[in-house]
Amino acid sequence: MTVILVLLTFATFLLIDHFYSRKHAAVQPALQVAGREPMPRMAPSLVGGFQVPDNLRYHPGHTWALSESPSLVRVGMDEFAAKLNGKLESITLPQRGQWVRQGQKICTIHRDGAAVDMVSPIEGSVADINDAVVRKPELIHSDPYGEGWLLTVQSPDAKTNFRNLLGGGLARWWTEESASRLQKKMIPLFASASPLGALAQDGGVAVDDVIAQLPDQQWVGLAKEFFLS
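Residues numbered from 1 in each chain as written. Predicted model: local features only at pLDDT ≥ 70, side-chain atom pairs only at ≥ 80, totals over all residues. Heavy atoms only, no water.

It is worth spelling out the sheet that holds strand β10 (residues 124–129) at this point. Taken in spatial order, the six strands of this open sheet run β3-β4-β5-β11-β10-β7, and their pairing is antiparallel. Each edge of the open sheet is held by one strand with a lone partner, namely β3 (57–59) and β7 (99–100). As paired strands, β3 and strand β4 (residues 63–67) are joined by three bridges and run antiparallel to one another. What sits directly across from Tyr 58, in β4, is Trp 64. (Pairing = 2+ DSSP bridges. Helix = DSSP H or I, 4+ residues; strand = E, 2+ residues; numbered from the N terminus.)

Following this line, the structure appears as structure tokens:
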């Protein structure tokens, strides 16, 4: 029920953002390099203890998309997801050429013998995957917006797909709401102080592995809820 209410709220804000963007002719973010070149570094917003770069668009399941050309899109998971996942054992990515759909499974993450799916922010054919992440999944945790990117997608309808994603103030609101929900869910599981460490209210950054002390089944439940999988 909580997830349904949150998604309804998200949909309302998305509609507001859509009409506002049409009125003010908002421009889609674009990456100026292609292929395996490093992503441009921007000073990201810090929301709820998590970085939210303004040049990306976000799916509410905590994956991001960045346009490299009119039809080529780079995809990854946001820092909220990276820190909620902590130290992954492995990640399973789709095959090159495989068709992925927006809001449906794009990869499977593995931690301590448990597995959780994450959903795609974009629809199209997988153009390339980040082999370095397959070999070293810790790159996702250490650099989710840079070397920890997951794959690129040839998306023939990328412009429409991007309209369904969060950007700017909506992305920051969604991250802050997610951080607040996670905080409320985790505090009863710990007898000590806040498990997230310093959060937005005191200007701090969330700890690297926010669920390190939780049993596997509790991580799976939290991950599936926040990743909408």
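We are not done yet, so read on.
Counting residues in each nonpolar core, the largest one holds 42 residues, and the members touching the most others are Ile 109, Leu 151 and Phe 227. Per-element accounting of this core gives the leading share, six residues, to helix α7 (residues 216–227). For Leu 151, the residues in contact, after removing those within four places along its chain, are Val 73, Arg 74, Val 75, Leu 93, Pro 94, Ile 106, Val 126, Asp 128 and Ile 129. Counting residues in each nonpolar core, the second largest holds twelve residues, with Val 52, Trp 64, Trp 149 and Trp 174 among its members. (Core = buried A, V, L, I, M, F, W, Y, C linked by side-chain atoms within 4.5 Å. Buried < 20%, exposed > 50% of the residue type's maximum accessible area, 1.4 Å probe, protein only. Contact = heavy atoms within 4.5 Å.)

Time to look at unusual backbone geometry. Positive phi, close to 50°, is recorded for Asp 112, a residue that is not glycine. Along the chain, Asp 112 falls in the loop between β8 (105–111) and β9 (114–119). A positive phi angle, near 55°, is found at Leu 228, a position not held by glycine. Mapping Leu 228 onto the fold places it in the segment after α7. Taking relative accessible area as the criterion, Leu 228 reaches 26% and is therefore assigned partly exposed.

For the structure on display, the rule yields four aromatic pairs. Here the aromatic rings of Phe 80 and Phe 226 are separated by 5.3 Å at their centres, their planes lie at 55°, and the arrangement is tilted. Here Phe 80, found in helix α2 (residues 79–85), pairs with Phe 226, found in helix α7; they are 146 residues apart in sequence, far enough to count as distant. Accessibility expressed as a relative area gives 1% for Phe 226, which makes it buried. Residues Trp 173 and Trp 174 carry aromatic rings whose centres are separated by 5.8 Å and whose planes lie at 45° to one another, so their mutual orientation is tilted. Looking at Trp 173, the relative accessible area reads 25%, which means it is partly exposed. Chaining the aromatic ring pairs together yields one cluster made of Phe 50, Phe 80 and Phe 226. Taking NZ or CZ as reference, Arg 74 lies 5.0 Å from the ring centre of Trp 149, over its face. (Phe/Tyr/Trp six-rings, centres within 6.5 Å; stacked < 30°, edge-to-face > 60°. Lys NZ or Arg CZ within 6 Å of the ring centre and 35° of its normal.)

Note that every value here comes from positions in space, so none of it alone points to a role or purpose.
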